[in-house]
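Listed below are the residues making up each chain.
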Amino acid sequence: MDGERRARMGLAAAHDAGDVGLAKLIAEQGAVDVWEYLRAGHGKTSIARRASQLDVDSLMRRTDQIGARFLIPGDEQWPTCLGELEWSEPVGGVGGVPLGLWVAGPANLAETSSLAMVGSRASTAYGEHVAADWAVGIAEHGYCVLSGGAYGIDSCAHRGALAAGGATVAVMAGGLAQLYPAGNSVLLEKIRDSGAVVSEHPPDRPPSRARFLVRNRLIAALAKATVIVEGALRSGAQNTVSWALSLQRPVLAAPGPVTSAMSVTPHRLVRSGQATLVTNVEDILTSVEPLKSAIPDYPREEPTAMDGLTPDLAQICESLPARRSASVDELCAVTGESAWSLMVSLGRLKQMGFVAEVSPGMWRVSTRPPQTTGSGQDALISPPS
């Protein structure tokens, strides 16, 4: 395994992540043979040139120096879910299983059940509130909150998980020696101390736009589902969603104000059928584990006494003015009932406590209507005495 680890670490440092061709070559011939071939100077490529000049021992020492470990497939802590990247369709010309992962932090990725939360860096106060609140709930239900450590929705998701005392993991677009962005260094250090920061790039490699897109496939692959909270028309979060769809993982979208540019991508994903609309943590959990999750407890109206009335009696009650009395003739005109039928119904409603006769032929709503329908149910089927 030491030879395999050295070869994979060397290859990860000699090439940029997401090289589909190299990933296929390694799958066919093995990392050790490919590494030795490149180290011998064959191929006359930039990767071969870098491989021949690379000091793997120095790279291992650097990994130890920053407090990280290098995981490869077959390790006890290797997340096997990344294996699905081998057969998923490339997105944007990149893909493949990572050669290895630099990980800093106590989290065991092989035993971590994660939900990804992504969204706009230029987030709104609404989106930030939703992301933080949902991250708290997700963490409280035992899931790790996975994101990219960036400003905006990413930061709120990580902070929500930390506030709940839960686990959170940040996947980086550059090496772990200098966590990016610098403005989130305190947050990223907290994530590293309690969860983990992860990268497929060697420690001192800086982030780049291309590496952010390559990184997104790991976020999607490490998570059971991806939740997108906000995203403009051209959102980087869309790339993560594309990877989740390629991996056939659930995509869940938070609705936002129709007037907000940050709601365009979530709304478009729902409209196109690529994402499921979610409005709370219960929706998210039900989408991920429908058989284990409780049915969402949506707010319900309290039952009222009128719920037990027959439709014709309820219509008469609703026809009475709220602040004055009404004559039988007025009620006949409104309800379409005959005077005799109406008087019978009013008598029943009076017996039940719903209406009162203020003077001969004049009726109003009772000032103290019944609060429950329990004892009045018999009156619904019994004529007044």
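Residues numbered from 1 in each chain as written. Predicted model: local features only at pLDDT ≥ 70, side-chain atom pairs only at ≥ 80, totals over all residues. Heavy atoms only, no water.

A few points about the pairing of strand S11 (residues 355-359)
Every regular strand shows the same layout, with side chains that alternate between the two sheet faces.
Consideration 1: Pairing between S11 and strand S12 (residues 362-365): 4 bridges, direction antiparallel. Bridge pairing in S12 places Ala356 opposite Arg364.
Consideration 2: Linkage of S11 to S12, two consecutive antiparallel strands, is achieved through a turn of 2 residues, within which Gly361 is found at a positive phi near 85°. (Pairing = 2+ DSSP bridges. Helix = DSSP H or I, 4+ residues; strand = E, 2+ residues; numbered from the N terminus.)

Observations regarding the side chain of Arg211
Consideration 1: Tracing the sequence through the fold places Arg211 in helix H9 (residues 209-222).
Consideration 2: When its relative accessible area of 15% is taken as the criterion, Arg211 is described as buried.
Consideration 3: A distance of 3.2 Å separates a polar atom in the side chain of Arg211 from a polar atom in the side chain of Asp16.
Consideration 4: Not counting residues up to four positions away in its chain, the partners in contact with Arg211 are Asp16, Ala173, His201, Arg205 and Pro206. (Buried < 20%, exposed > 50% of the residue type's maximum accessible area, 1.4 Å probe, protein only. Polar contact = N/O pair within 3.5 Å; in protein donor to acceptor, adjacent residues only side chain to side chain. Contact = heavy atoms within 4.5 Å.)

Looking at the sheet that holds strand S7 (residues 226-228)
Consideration 1: Pairing in this open sheet of 9 strands is mixed, and the strands run S1-S2-S6-S5-S4-S3-S7-S8-S9 from one edge to the other. Only two strands of the sheet have a single partner each, and these edge strands are strand S1 (69-71) and strand S9 (276-277).
Consideration 2: Pairing geometry for strand S5 (residues 168-171) and strand S6 (residues 196-199), over 3 bridges, is parallel. Paired with Ala170 across the bridge in S6 is Val197.
Consideration 3: Its contacts with the sheet place helix H10 (residues 237-246) against strand S3 (114-118), S7 and strand S8 (251-253), and it is angled at close to 150° to S7. (Axes fitted to C-alpha atoms, helices over the stretch in contact; angles between N-to-C directions.)

With respect to the confidence of the model for the protein
Consideration 1: Counting all residues, the mean pLDDT for the protein is 88, and 91% of those residues have values of 70 or more.
Consideration 2: Low confidence marks residues 373-385, where pLDDT is under 50. Its contacts with residues over four positions away, or in another chain, come to 20 contacts. (pLDDT = per-residue confidence, 0-100.)

Here we look at the nonpolar core
Consideration 1: Core analysis: the largest hydrophobic core is formed by 36 residues, its most contacted members being Leu82, Leu101, Leu146 and Val169.
Consideration 2: Counting only elements with at least two residues in this core, the list comes to strand S2 (101-104), S3, strand S4 (144-147), S5, S6, H9, H10 and S8.
Consideration 3: Examining the composition of this core, we find that 6 residues originate from one element, H9, more than from any other.
Consideration 4: Contacts of Leu146, omitting those with residues within four sequence positions, involve Ser114, Leu115, Ala116, Met117, Val169, Val171, Ile219, Leu222 and Ala223. (Core = buried A, V, L, I, M, F, W, Y, C linked by side-chain atoms within 4.5 Å.)

Comments concerning helix H13 (residues 311-319)
Consideration 1: Listed in full, the buried residues belonging to H13 are Leu313, Ala314, Ile316, Cys317 and Ser319.
Consideration 2: Tucked inside the fold, the buried residues of H13 contact helix H14 (328-335), helix H15 (339-352) and S12.

Section: the sheet that holds strand S10 (residues 326-327)
Consideration 1: The 3 strands are arranged S10-S12-S11 in an open sheet whose pairing can be described as antiparallel. Only two strands of the sheet have a single partner each, and these edge strands are S10 and S11.

Let's talk about helix H7 (residues 153-163)
Consideration 1: For H7, a buried count of 8 out of 11 residues is recorded, marking the element as mostly surrounded by other parts of the structure.
Consideration 2: Of the positions making up H7, those classed as buried are Ile153, Asp154, Ser155, Cys156, Ala157, His158, Gly160 and Ala161.
Consideration 3: Tucked inside the fold, the buried residues of H7 contact S3, helix H6 (125-140), S4, S5 and helix H8 (185-194).
Consideration 4: Following H7 by one or two positions, Gly165 adopts a phi angle in the positive range, close to 75°.

Focus on the environment of Ile72
Consideration 1: Within the element layout of this structure, Ile72 appears in the loop between S1 and S2.
Consideration 2: C-alpha separation for the pair Ile72 and Leu101, spaced 29 residues apart in sequence, amounts to 6.6 Å.

A word on the pattern of salt bridges
Consideration 1: Within this structure, the stated rule accounts for 9 salt bridges.
Consideration 2: A salt bridge links Arg62 to Asp204, with the shortest nitrogen-to-oxygen separation between them at 2.8 Å. Of this pair, Arg62 sits in helix H5 (residues 56-65) while Asp204 sits in the loop between S6 and H9, and the two are 142 residues apart along the sequence.
Consideration 3: A relative accessible area of 26% means that Arg62 is categorised as partly exposed.
Consideration 4: Here Glu330 ties to Arg324 by a salt bridge, and the two come within 3.4 Å at their closest N and O atoms. (Salt bridge = Lys/Arg side-chain N within 4 Å of Asp/Glu carboxyl O.)

Overview of the pairing of S2
Consideration 1: Of the two faces of S2, the one lined by Leu101 and Val103 and the one lined by Trp102 and Ala104 are each fully buried.
Consideration 2: Sheet topology note: the S1/S2 ladder contains 3 bridges and is antiparallel. Looking at S2, one finds that Phe70 is bridged to Trp102.
Consideration 3: Sheet topology places S2 next to S6; 3 bridges connect them, and they run antiparallel.

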